[in-house]
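# What the coordinates show
These are the residues of each chain, in order.
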Amino acid sequence: MSTQEKELNEEIVNEEVKETVENNNACDENEQAQEPQAEPTPEERIAELEAQLANEKKEYMFLMAEFDNFRKRNAKEKVELIKNAAEKAMKDILPIIDDFDRAIQANAATDDVQAVREGVELIYNKLIKYLESNGVKEMATTGEAFDADIHEAVTTFPAPSEDLKGKIIDTVQKGYSINDKVLRHAKVVVGQ
């Protein structure tokens, strides 16, 4: 190896050593910068925790006040909903009441029983149609098997034939359901 080559090799090695030392120094500085500063004193730590606790209490109080307002608003809306729940139903029944008023006036002015009967039947059918449009249905009773879930037995009566035993012979009061839920139980006479 020539002298020039040796010098060149030494320069390359020296530069690599310099870079390594510089990199190590830079890493040491970064590690020192990342190391936490001196630990706070217990008094400083207590003051910091008290400030944090006060902040958390303040946020908690705001949250509780907001929830209380929500609860009050929700209760008010619920009361209002219950109070006015029947408003639409009553409004839709008013035309049927108007028909009854007209029927009463017409009944006072006429002696034609057949016309009065037809008028009352028309009003009745209008009311039944209104109820059906709102999910109210009449329960099937006479001739059906007695079902304690939807029927109320007023009395039992000896069945006129063997096939009517345990079945409904007569209906004292019609039963109605609303959206497949019993609105009023049918009062019936059951064959025994």
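In what follows, the accompanying structure is described. These numbers come from a predicted model, not from an experiment.

Analysis parameters
- Residues numbered from 1 in each chain as written.
- Predicted model: local features only at pLDDT ≥ 70, side-chain atom pairs only at ≥ 80, totals over all residues.
- Heavy atoms only, no water.
- Axes fitted to C-alpha atoms, helices over the stretch in contact; angles between N-to-C directions.
- Helix = DSSP H or I, 4+ residues; strand = E, 2+ residues; numbered from the N terminus.
- Parallel < 35°, antiparallel > 145°, perpendicular 65-115°, else oblique.
- Contact = heavy atoms within 4.5 Å.
- Nonpolar A, V, L, I, M, F, W, Y, C, P; charged D, E, K, R; others polar.
- Expected span 1.5 Å × (residues − 1).
- Polar contact = N/O pair within 3.5 Å; in protein donor to acceptor, adjacent residues only side chain to side chain.
- Patch = residues over 30% accessible without salt bridge, like charges linked within 9 Å, V, L, I, M, F, W, Y side chains within 5 Å.
- Areas by Shrake-Rupley, 256 points an atom, 1.4 Å probe, with all protein chains shown as cover.
- Salt bridge = Lys/Arg side-chain N within 4 Å of Asp/Glu carboxyl O.
- Lys, Arg positive; Asp, Glu negative; His and termini not counted.
- Charge placed at Lys NZ, Arg CZ, Asp CG, Glu CD.
- Pairing = 2+ DSSP bridges.
- Buried < 20%, exposed > 50% of the residue type's maximum accessible area, 1.4 Å probe, protein only.

Running from N to C, helix α3 (residues 87-109) and helix α4 (residues 113-133) cross one another at 175°; their axes reach a closest spacing of 10 Å. Taken together, the axes of α3 and α4 lie roughly antiparallel to each other. Residues Lys-88, Ala-89, Asp-92, Ile-93, Pro-95, Ile-96, Asp-99, Phe-100, Ala-103 and Asn-107 of α3 pack against Val-116, Ile-123, Lys-126, Leu-127 and Tyr-130 of α4. Classifying every residue of the contact of α3 with α4 by side-chain character gives 10 nonpolar, 1 polar and 4 charged.

So, on to α4. Taking 1.5 Å of rise per residue, 21 residues should cover 30 Å, and α4 covers 30 Å from first to last C-alpha, within 8% of that figure. Between a side-chain oxygen at the N-terminus of α4 and the backbone nitrogen of Gln-114 the separation is 3.3 Å; the capping residue is Asp-112.

Attention now goes to a negative patch on the surface. Together, Asp-111, Asp-112, Glu-118 and Glu-121 make up a region of like negative charge exposed at the surface. Positionally, Asp-112 belongs in the loop between α3 and α4.

Turning our attention to the sheet that holds strand β5 (residues 181-184). Read from one edge to the other, the open sheet built from 3 strands follows the order β1-β4-β5, with strand pairing classed as antiparallel. Edge positions in the open sheet fall to β1 (136-138) and β5, since each of these has one partner strand only. Averaged over all adjacent pairs, the angle separating strand axes in this sheet is 35°, with direction ignored. Bridging between strand β4 (residues 176-178) and β5 involves 3 bridges; their strand directions are antiparallel. In the strand pairing of β5, Ile-178 is matched with Lys-181.

The next subject is the environment of Arg-45. Mapped onto the fold, Arg-45 is located in helix α2 (residues 42-83). Look at Arg-45 and you get partly exposed, because its relative accessible area is 38%. A polar contact is formed between the side chain of Arg-45 and the side chain of Glu-48, at a distance of 3.2 Å.

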